[in-house]
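Chain and residue survey
Read off the chains here:
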Amino acid sequence: MHIVYHGHSCIQVTQGAYSVIIDPFLTGNPLSTEGLEQVKVQYILLTHGHSDHITDAIPLAKQNNAPIIAVEELTIHLGHQGIQVEPMHVGGAWNFPFGRVFLTHALHTSSSLSEEGKVVYTGSPVGIILQMGGVTLYHAGDTGLFGDMRLIGERFDIDIAFLPIGGRFTMDPGDAVIASEWLGAGCVVPIHYNTFPVIKQDAPAFVHMLQQKGLTGKVLSPGGHLTI
């Protein structure tokens, strides 16, 4: 499994002939090092409907003829724009050509804006368990700390977890360390930080906190690559 971090919460995962992207936010993302036209994927996965997670979902879907996998209400909202969708729900799992997707709970909200600027409910926010090529990846989405992260860690042998640390809208580093203990992932990578001043955090300090607990963490700079 080859992973590229595009900044904020956006990661692209490639295994063999398939490449998928989670929460594409490149346009307007001050940390992104890639242009939209450079991203080639077969599927798009979304954790929830907020703009900093779906900004480029429709353009990428059209550019790549790539279906969007998300909670049903979000796929209904996006599907009106003439793209392919694959609806799922929390607790559901499905085998796709690239691998298996399981949607977990996330402690957050999910909404988007209509063309008239009105807030539209887009279903439950989720985390994503993605299994490709024998590797299990957990993308927590936007979430606060919740006790069932213990259950996620017990149920899945997680090789790598992507956890938000920005605070204010998600977990902060302290809560993310607790989540890391509960999940028991082989490696934890911080996301959803430093994109904007209100979520500025010290990622190396977070990794040091993990190390003090006997856990492994890694900071990926935007544009950074990781192979598992």
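Computed from a predicted model, the values in this text were never measured in an experiment. (Residues numbered from 1 in each chain as written. Predicted model: local features only at pLDDT ≥ 70, side-chain atom pairs only at ≥ 80, totals over all residues. Heavy atoms only, no water.)

So, on to the nonpolar core. A general trend in soluble globular proteins is that nonpolar side chains are found buried together. Judged by nonpolar contacts, the single largest core of 54 residues is most densely connected at Phe98, Leu130, Leu137 and Tyr138. Ranked by residue count, the leading element in this core is strand β11 (residues 126-132), at 5 residues. One finds Ile21, Ile44, Leu74 and Ile83 within the second-largest nonpolar core, a separate group that totals 19 residues. (Core = buried A, V, L, I, M, F, W, Y, C linked by side-chain atoms within 4.5 Å. Buried < 20%, exposed > 50% of the residue type's maximum accessible area, 1.4 Å probe, protein only. Helix = DSSP H or I, 4+ residues; strand = E, 2+ residues; numbered from the N terminus.)

The next subject is the sheet that holds strand β15 (residues 225-227). Reading across the sheet, the 7 strands line up as β6-β5-β4-β3-β2-β1-β15 and stay open at both edges, with mixed pairing between neighbours. Among the strands making up the open sheet, the edge pair consists of β6 (85-88) and β15. With strand direction ignored, the average angle separating the axes of adjacent strands in the sheet is 20°. Judged from the 4 bridges that link them, strand β5 (residues 68-71) and β6 form a sheet pairing that is parallel. In the sheet register, isoleucine 68 faces β6, and the bridge partner there is valine 85. (Pairing = 2+ DSSP bridges. Axes fitted to C-alpha atoms, helices over the stretch in contact; angles between N-to-C directions.)

This part takes up the confidence of the model for the protein chain. Should the pLDDT be low somewhere, the predicted coordinates at that spot are not to be read in detail. Across the protein chain, the average pLDDT comes to 97, with 100% of residues at 70 or higher. The least confident element of the protein chain is strand β9 (residues 111-113), whose mean pLDDT is 94; the most confident is strand β13 (residues 160-164), at 99. (pLDDT = per-residue confidence, 0-100.)

Here the focus is the pairing of strand β2 (residues 11-15). The pairing of strand β1 (residues 2-5) with β2 spans 4 bridges and is antiparallel. Paired with isoleucine 3 across the bridge in β2 is valine 13. Two successive antiparallel strands, β1 and β2, enclose a turn made up of 5 residues, where glycine 7 displays a positive phi of approximately 95°. Where β2 hands over to strand β3 (residues 18-22), the hairpin turn is made up of 2 residues, of which glycine 16 adopts a positive phi near 60°.

Along the chain, threonine 14 turns up in strand β2. Within the local environment of threonine 14, its side chain forms a polar contact with the side chain of serine 19, the two groups lying 2.8 Å apart. (Polar contact = N/O pair within 3.5 Å; in protein donor to acceptor, adjacent residues only side chain to side chain.)

Below, the discussion takes up the packing of aromatic side chains. Within the structure shown, the criterion is met by 4 aromatic pairs. When the centroid spacing of 5.5 Å and the interplanar angle of 0° are considered together, the rings of phenylalanine 96 and phenylalanine 98 count as stacked. Here the aromatic rings of phenylalanine 102 and phenylalanine 156 are separated by 5.1 Å at their centres, their planes lie at 55°, and the arrangement is tilted. Taken together, the residues phenylalanine 102 in strand β8 (residues 99-105) and phenylalanine 156 in the loop between α4 (149-155) and β13 connect sequence positions 54 residues apart. Note on phenylalanine 156: relative accessible area 11%, which makes it buried. (Phe/Tyr/Trp six-rings, centres within 6.5 Å; stacked < 30°, edge-to-face > 60°.)

As a further point, take the pairing of strand β12 (residues 135-139). Where a strand is regular, its side chains alternate between the two sheet faces. For β12, the tally of buried residues reaches 5 of 5 residues, placing the bulk of the element in the interior. The side-chain alternation of β12 yields two buried faces, one formed by Val135, Leu137 and His139 and the other by Thr136 and Tyr138. The turn linking β11 back onto β12 is made up of 2 residues, and glycine 133 within it adopts a positive phi angle of 55°. As paired elements, β12 and β13 share 3 bridges and run parallel to each other. Bridging across to β13, tyrosine 138 finds its partner in alanine 161. Once you follow β12 into α4 and on to β13, the crossover reads as right-handed. (Right-handed = clockwise from strand over helix to strand, strands pointing away.)

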